[in-house]
Amino acid sequence: MSGLFRSVLRAVQVGAATCRPKNFDAHVSVVPARLFCASAGENDLGEMVKKDKVVVFMKGTPAQPMCGFSNAVVQILRMHGVENYASYNVLEDQDLRQGVKTFSNWPTIPQVFFNGEFVGGCDILLQMHQNGDLVEELKKLGIRSALLDVEKDEKSK
Amino acid sequence: MLHRVLRNTRPLLSTLSFSWNTVLARPRMDTSRPVERTIRAKLTQALDPKHLEVLNESHMHAVPAGSESHFRVLVVSSCFDGLSLLQRHRLVNEALRDELSSSVHALAIQAKTPEQWQEHPTLAKSPPCLGGSKHDGTMAQKLKAAQD
């Protein structure tokens with residue numbers, strides 16, 4: 001298992017095999033990629049990032065990430081039980097890829113948005129996960145992190 | 001008279017000789033790893049770090065050997081005091097704006113205050129590559145930009 005996931009799991013204090021959110025499915029459901037109109041601009045991106053509570057611009061899809069950093073974002077969200085989010089594959093659309101970088105003034109992919117607000121990339125999401133901030137931010141979105149249930153189960157034993 | 005002149009000249013000649021040898025034996029300019037050196041210089045100038053690590057992680061990705069396209073930086077600086085993670089990362093991005101818009105394809109960032117670094121002096125590891133660069137039409141352009 002990679003060093004990244006070892007550090008993630010240490011922070012969680014449970015093994016990955018036992019970290020199963022209620023709606024976890026071994027076959028990850030693919031969030032349908034929504035097409036980005038090549039001629040659309042900042043307004044459309046503004047709408048895209050607000051339409052869903054959690055929006056991820058990534059390389060590949062949640063079912064098949066094409067980049068280690070994008071995969072890390074998918075895995076972290078999955079650990080928290082966040083499966084139902086909008087994801088956009090920038091490898092399929094260069095206009096989208098450049099557009100989102102300009103929109104968020106952020107030079108790299110992946111990019112994560114919560115309630116229309118830019119959160120950061122893989123590094124920031126990982127640190128938020130490790131320091132507990134991600135649980136709090138998800139709570140503000142009305143999403144209960146699956147890790148709270150795992151923690152509850154551990155305490156009740 | 002001549003003897004006296006020669007005696008006085010000897011130290012001068014030795015000095016000149018030494019200088020001439022020094023001039024001839026100039027150290028070779030290190031022209032390797034230009035992008036890495038630029039990143040290091042720019043982060044040092046912009047953030048006055050107490051500790052700085054710049055790692056070329058291109059060998060971990062689907063790019064030719066010797067590429068300078070994927071980097072990890074660890075910056076420990078008092079400039080980050082009171083700033084959110086996003087603000088810190090934006091400072092780093094801003095310092096490396098030119099590189100990020102040309103040759104650098106990926107930049108992993110750890111931005112810590114000196115106190116945070118003292119508490120937990122660990123360099124994070126990047127996740128394994130999933131080969132995205134192979135399917136990335138813009139990579140050729142970036143790799144060329146690094147060579148130019």
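Residues numbered from 1 in each chain as written. Chains lettered and ligands numbered in written order. Predicted model: local features only at pLDDT ≥ 70, side-chain atom pairs only at ≥ 80, totals over all residues. Heavy atoms only, no water.

The criterion, for reference: UniProt positions are given in the numbering used here, feature names are shortened, and annotations may be inferred rather than shown by experiment.
With an unreviewed UniProt entry as reference, chain B is termed BolA-like protein 1, source organism Paramormyrops kingsleyae. Check the Function (unreviewed entry) section of the UniProt entry for chain B; it says "Acts as a mitochondrial iron-sulfur (Fe-S) cluster assembly factor that facilitates (Fe-S) cluster insertion into a subset of mitochondrial proteins. Probably acts together with the monothiol glutaredoxin GLRX5. May protect cells against oxidative stress." What UniProt records for chain B under Subunit (unreviewed entry) is the sentence "Interacts with GLRX5."

An unreviewed UniProt entry lists chain A under the name Glutaredoxin-related protein 5, mitochondrial, from Paramormyrops kingsleyae.

## Structural notes on the overall build of chain B
Defined as follows: Note on conventions: DSSP H or I runs of at least 4 residues are helices, E runs of at least 2 residues are strands, and numbering of each starts at the N terminus. To sort residues, take the accessible area from a 1.4 Å probe on protein chains only and compare it with the maximum for the residue type: under 20% means buried, over 50% means exposed, and anything in between is partly exposed. Should any heavy atoms of two residues lie within 4.5 Å, those residues are considered in contact. Each accessible area value is a Shrake-Rupley result obtained with a 1.4 Å probe; residue values ignore everything except the protein chains displayed when judging cover.
Secondary structure assignment for chain B yields six helices and three strands. When the helices and strands of chain B are placed in sequence order, the string is α-α-β-β-α-α-β-α-α. For chain B, the proportion of its 148 residues judged to be buried stands at 38%. Long-range contacts, defined here as pairs at least 24 residues apart, represent 66% of the contacts in chain B between residues at least 6 apart. Within the structure as shown, chain B displays about 9,300 Å² of accessible surface, and the carbon and sulfur contribution to it stands at 57%.

## Looking at the sheet that holds strand β1 (residues 54–58) of chain A
Residues and elements named next belong to chain A. The following threshold applies: Any two strands with at least two DSSP bridges between them are considered paired. Fitted lines through C-alpha atoms serve as axes, helices being fitted only where they are in contact, and the angles separating the N-to-C directions of these axes extend from 0 to 180 degrees.
The strand order across the open sheet built from four strands is β2-β1-β3-β4, with neighbouring strands paired in mixed fashion. Every other strand in the sheet has two partners, leaving β2 (86–89) and β4 (117–120) as the edge strands with one partner each. Across the sheet, the mean angle separating the axes of adjacent strands is 25° when strand polarity is ignored. With four bridges connecting them, β1 and strand β3 (residues 111–114) associate as antiparallel partners. Within the sheet, the bridge partner assigned to Val56 lies in β3 and is Val112. Against the sheet, helix α4 (residues 94–104) contacts β1, β2, β3 and β4, and its axis sits at roughly 60° relative to β3.

## Focus on the pairing of β4 of chain A
Residue and element names in this part refer to chain A. When β3 meets β4, the two strands line up antiparallel, connected through three bridges. Bridged to Val112 within β4 is Gly120. Joining the antiparallel neighbours β3 and β4 is a turn of two residues, in which Asn115 adopts a positive phi near 50°.

## Comments concerning the nonpolar core
Our working definition: Nonpolar cores are built from buried Ala, Val, Leu, Ile, Met, Phe, Trp, Tyr and Cys residues. Side-chain atoms within 4.5 Å join them into one set.
The biggest cluster of nonpolar side chains holds 41 residues, and the ones touching the most others in it are Val54, Val56, Phe57, Leu77, Phe114 and Leu125 of chain A. Per element, the largest residue contribution to this core is six residues, and it comes from helix α3 (residues 68–79) of chain A. If we skip the residues at most four places from it in the chain, Phe57 of chain A touches Leu45, Met48, Val49, Tyr88, Val90, Leu96, Val100, Ile109, Pro110, Gln111 and Phe113 of chain A. Core analysis: the next-biggest nonpolar cluster, separate from the first, contains 18 residues, Leu43, Phe71, Val92 and Leu100 of chain B among them.

## Describing the sheet that holds strand β2 (residues 70–76) of chain B
All names here are of chain B. The mixed open sheet is built from three strands, whose spatial order is β1-β2-β3. Each having just a single partner strand, β1 (51–56) and β3 (106–112) make up the two edges of the open sheet. Put simply, the sheet's adjacent strands are angled 10° from each other on average, direction ignored. Across seven bridges, the pairing between β2 and β3 is parallel. Each bridged residue has a counterpart across the sheet, and for His70 the counterpart in β3 is Ala106.

## Focus: unusual backbone geometry
The residue after Ile109 of chain A, namely Pro110 of chain A, is reached through a cis peptide bond having omega 15°. With respect to the element layout, Pro110 of chain A can be found in the loop between α4 and β3. For Asn115 of chain A, which is not glycine, the phi dihedral falls at a positive 50°. Among the structural elements, Asn115 of chain A can be located in the loop between β3 and β4. Of note in the backbone geometry, Asp48 of chain B takes a positive phi value of approximately 45° without being a glycine.

## Structural notes on the environment of Pro121 of chain B
All names here are of chain B. Considering the arrangement of structural elements, one finds Pro121 in the loop between α5 (114–119) and α6 (139–147). Exposure remark for Pro121: the relative accessible area of 52% places this residue in the exposed category. As a C-alpha pair, Pro121 and Thr38 span 83 residues in sequence and 24 Å in three-dimensional space.

## Re the interface of chain A and chain B
Selection criterion: The term buried area denotes the loss of accessible surface (1.4 Å probe radius) that occurs when two parts are joined, taken as the sum for both partners. By the criterion applied in these results, polar contacts are pairs of N or O atoms within 3.5 Å in which, for protein atoms, one can donate a hydrogen and the other can accept it, and in which residues neighboring in sequence qualify only through two side-chain atoms.
Counting from both sides, the interface comprises 25 residues of chain A and, opposite them, 24 residues of chain B. Summing both sides of the interface, chain A and chain B together bury roughly 2,100 Å²; the carbon and sulfur share of this comes to 62%. Summed over the three residues of chain A that lose the most area to chain B, namely Met66, Phe69 and Asp123 of chain A, the buried surface amounts to 25% of that side. Where chain A touches chain B, the interface holds five residue pairs in polar contact (both at pLDDT 80 or more).

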